[in-house]
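# Topology and contacts: notes
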Amino acid sequence: MRGFEFVQPKSLGEAVALLDTDDPTVRAHSGGTALMLMMKTGVFAPSLLVGLQAVEERHGQIEATMDGGLRIGAMASLTTVEHSADVARVAPVVVRAMKRLANTRVRNVARMGGNLAHGDPHMDLPPVLSALRGEVSTLGPKGSRRIAIENLFAGYYETVLQRGELIADVIIPSQAGWSSAYLKCTTKTSDDWPALGVAASLHLNGDRIVDARVMISAATDKLTRVAGAEAELRGGKADAATFARAAEVAAIGVETIDDARGSAIYKTELVRVYVRRALAEIMTGRSST
Ligand SMILES: Cc1cc2nc3c(=O)[nH]c(=O)nc-3n(C[C@H](O)[C@H](O)[C@H](O)COP(=O)(O)OP(=O)(O)OC[C@H]3O[C@@H](n4cnc5c(N)ncnc54)[C@H](O)[C@@H]3O)c2cc1C
């Protein structure tokens, strides 16, 4: 591994200033779990890593917001999120998703900001957080802005973050009236990266679906919102027939990709099965709580 510099600025603003450069070998480092793999395999050789550890005190907290939602600092570790009472109360689907995300050692080190900014379509949190209508707030050379997580990804390992722009917080709105589920299908070991991730949220009034969100990851080249399936669900009865119709629309509408975890055709079949199961799981979760 080539030598590199490692600095730990005291504020996010200082980090942004250091990262505002044309040099693609200068990168932010939060947990380093993704970066270190890339460095060890020679995919990435940094000249400078800007470590965000010194801003963790300020940007690693989780707080319940006045409107019933959550604000999660980008430097919160995945373990901190997994064990947060506020997250369990407002968005229990996030806690459930963590149980099958990598392993304890990775979750102890990896940070929310790194998980979202890496742009890997196999990550578990982007579909879950966008089904919850989550956003990130960012700080960059041009100031701060909010980006819906469903719009954060531009392509395979690509985000819409600009040069020097850092994720500061993840914001999840109140989930009042909404229930959610996340299912991950692995085709190798159970703790492997998913061949498919499906996150779904339903806003229900009795057995009527007022609104719906359906997100697909891993089987596609980037996080994909399945608007057709959502339209099929909206206004319908929350039953097996409606869920099967929505799953069919998802299977027809989503462009899946071939990779080591299965062919595109196989993944289309997974979409058909897992969208239906995720929607059914929402109803099971509601009746058991
Ligand atoms: C063995 C193993 C198994 C895994 N299994 C899974 C799994 O099943 N599911 C899953 O979802 N993930 C899995 N992961 C991936 C893991 O979740 C990610 O590596 C991790 O979330 C990245 O976070 P990090 O803080 O370590 O990021 P880093 O490695 O520090 O950074 C990743 C990227 O994000 C950028 N970055 C970091 N912080 C910010 C910020 N605040 N703003 C903007 N850019 C930033 C960095 O410059 C870099 O480009 C696995 C990882 C390993 C090593």
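Residues numbered from 1 in each chain as written. Predicted model: local features only at pLDDT ≥ 70, side-chain atom pairs only at ≥ 80, totals over all residues. Heavy atoms only, no water.

## Brief notes about the site of the ligand
What counts is decided by this rule: Whether a residue is near a molecule or strand is decided by its heavy atoms; if any one of them lies within 4 Å of it, the residue is near. In the analysis that follows, any N or O atom pair within 3.5 Å is treated as a polar contact, provided that within protein one partner can donate a hydrogen and the other can accept it, and provided that, for residues neighboring in sequence, both atoms belong to side chains. Accessibility throughout is a Shrake-Rupley quantity obtained with a 1.4 Å probe, and a residue counts as covered only by protein chains that appear here. Only runs of H or I of at least four residues qualify as helices and only runs of E of at least two qualify as strands under DSSP, and these elements are numbered from the N terminus. Here the nonpolar group is Ala, Val, Leu, Ile, Met, Phe, Trp, Tyr, Cys and Pro; Asp, Glu, Lys and Arg are the charged ones; every other residue, Gly included, is treated as polar. Where each domain begins and ends is defined by an automated method or by a domain database.
Close contacts around the ligand come from 27 residues, with Ala-28, Gly-31, Gly-32, Thr-33 and Asp-124 the closest. The side chain of Asp-124 places a nitrogen or oxygen atom 2.7 Å from a nitrogen atom of the ligand. Burial of the ligand by the protein chains amounts to 90% of its free accessible area of 970 Å². Breaking the shell around the ligand down by element, the ones donating at least two residues are strand 2 (26-29), helix 2 (33-40), helix 8 (112-117) and strand 10 (166-172). Among the residues making up the shell around the ligand, the classes are represented as 14 nonpolar, nine polar and four charged. Viewed by domain, the shell around the ligand spans two of them, domain 1 (5-50) and domain 2 (58-172), each represented by three or more residues.

## Looking at the environment of Gly-13
Position of Gly-13 relative to the elements: it lies in helix 1 (residues 12-19). In this structure, the C-alpha to C-alpha distance between Gly-13 and Ala-168, residues 155 residues apart in sequence, is 10 Å.

## A word on the nonpolar core
Going by this rule: We call a set of buried Ala, Val, Leu, Ile, Met, Phe, Trp, Tyr and Cys residues a nonpolar core when their side-chain atoms join them within 4.5 Å. Each residue is placed in one exposure class: buried if its accessible area under a 1.4 Å probe, protein chains only, is under 20% of its type's maximum, exposed if it is over 50%, and partly exposed if it falls in between. We call two residues in contact when some of their heavy atoms are within 4.5 Å.
Membership of the largest hydrophobic core comes to 37 residues, with the highest contact counts inside it found for Ile-72, Val-81, Val-94, Met-112, Leu-129 and Val-170. Elements with a contribution of two residues or more to this core: strand 5 (70-73), helix 4 (78-82), helix 5 (85-90), helix 6 (92-99), helix 8, helix 9 (125-131) and strand 10. In terms of residues, this core owes the most to one element, helix 6, which gives five residues. If sequence neighbours within four positions are ignored, Val-170 has contacts with Leu-70, Arg-71, Ile-72, Met-112, Leu-116, Leu-129, Glu-135, Val-136 and Ile-149. Counting residues in each nonpolar core, the second largest holds 30 residues, with Val-198, Ile-216, Val-226 and Ala-238 among its members.

## A short note on the sheet that holds strand 3 (residues 48-51)
As a reminder of what qualifies: A pair of strands is considered paired only if DSSP assigns at least 2 bridges between the two. Fitted lines through C-alpha atoms serve as axes, helices being fitted only where they are in contact, and the angles separating the N-to-C directions of these axes extend from 0 to 180 degrees.
Within the open sheet, the three strands sit side by side as 1-3-2. Their pairing is parallel. With partners counted over all chains shown, the strands left at the sheet margins are strand 1 (5-7) and strand 2, one partner each. Within the sheet, the average angular offset between the axes of one strand and its neighbour, ignoring direction, is 25°. Two strands pair when backbone bridges link them, and strand 2 and strand 3 are joined in this way by four bridges, in the parallel orientation. Bridge pairing in strand 3 links Ala-28 to Val-50.

## Comments concerning unusual backbone geometry
Here Tyr-157, not a glycine, exhibits a phi torsion of approximately 55°, which is positive. Here Tyr-157 is to be found in the loop between strand 8 (153-155) and strand 9 (158-159). We note that Ala-218 has phi near 70°; this positive angle belongs to a residue other than glycine.

## Section: the domain arrangement of the chain
Under the convention used in this document: By convention, the term buried area covers the 1.4 Å-probe accessible surface removed from two parts as they join, with the contributions of both added.
Partitioning the chain into structural domains gives domain 1 (5-50), domain 2 (58-172) and domain 3 (178-288). The C-alpha centroid of domain 3 is placed 21 Å from the C-alpha centroid of domain 2. Contacts between the two partners involve 24 residues from domain 2 and, on the opposite side, 23 residues from domain 3. At the boundary of domain 2 with domain 3, total buried surface from both sides reaches about 2,100 Å², with 54% on carbon and sulfur atoms.

## Notes on the sheet that holds strand 4 (residues 62-64)
Pairing within the open sheet is antiparallel, and its five strands lie in the order 4-5-10-6-7. At either margin of the open sheet sits one strand with a lone partner, and together these are strand 4 and strand 7 (143-148). Adjacent strand axes in the sheet meet at a mean angle of 20° when their direction is disregarded. Judged from the four bridges that link them, strand 5 and strand 10 form a sheet pairing that is antiparallel. By the bridge assignment for strand 10, Leu-70 is matched with Ile-172.

## A look at the pattern of salt bridges
We count it as follows: Think of a salt bridge as a Lys or Arg side-chain nitrogen and an Asp or Glu carboxyl oxygen that are within 4 Å of each other.
Across all of its chains, the model carries 20 salt bridges by this definition. Between Arg-107 and Glu-82 there is a salt bridge whose closest N-O contact spans 2.9 Å. Within this pair, whereas Arg-107 is found in helix 7 (residues 104-109), its partner Glu-82 is found in helix 4, the two being separated by 25 residues in sequence. You can call Arg-107 buried: its relative accessible area is 7%. Between Arg-225 and Glu-230 there is a salt bridge; the shortest N-O distance is 2.9 Å. Assessed through its relative accessible area of 33%, Arg-225 is described here as partly exposed.

## Considerations on the pairing of strand 3
Heads up, the condition is: If you view a crossover with the strands going away from you and the path from the first strand over the helix to the second runs clockwise, you call it right-handed.
What you see with strand 3 is no split at all: Leu-48 and Val-50 on one side and Leu-49 and Gly-51 on the other are buried throughout. Where strand 1 meets strand 3, three bridges bridge the pair, whose relative direction is parallel. Looking across to strand 3, one finds that Glu-5 is bridged to Leu-48. Running through helix 2, the crossover from strand 2 to the neighbouring parallel element strand 3 is right-handed.

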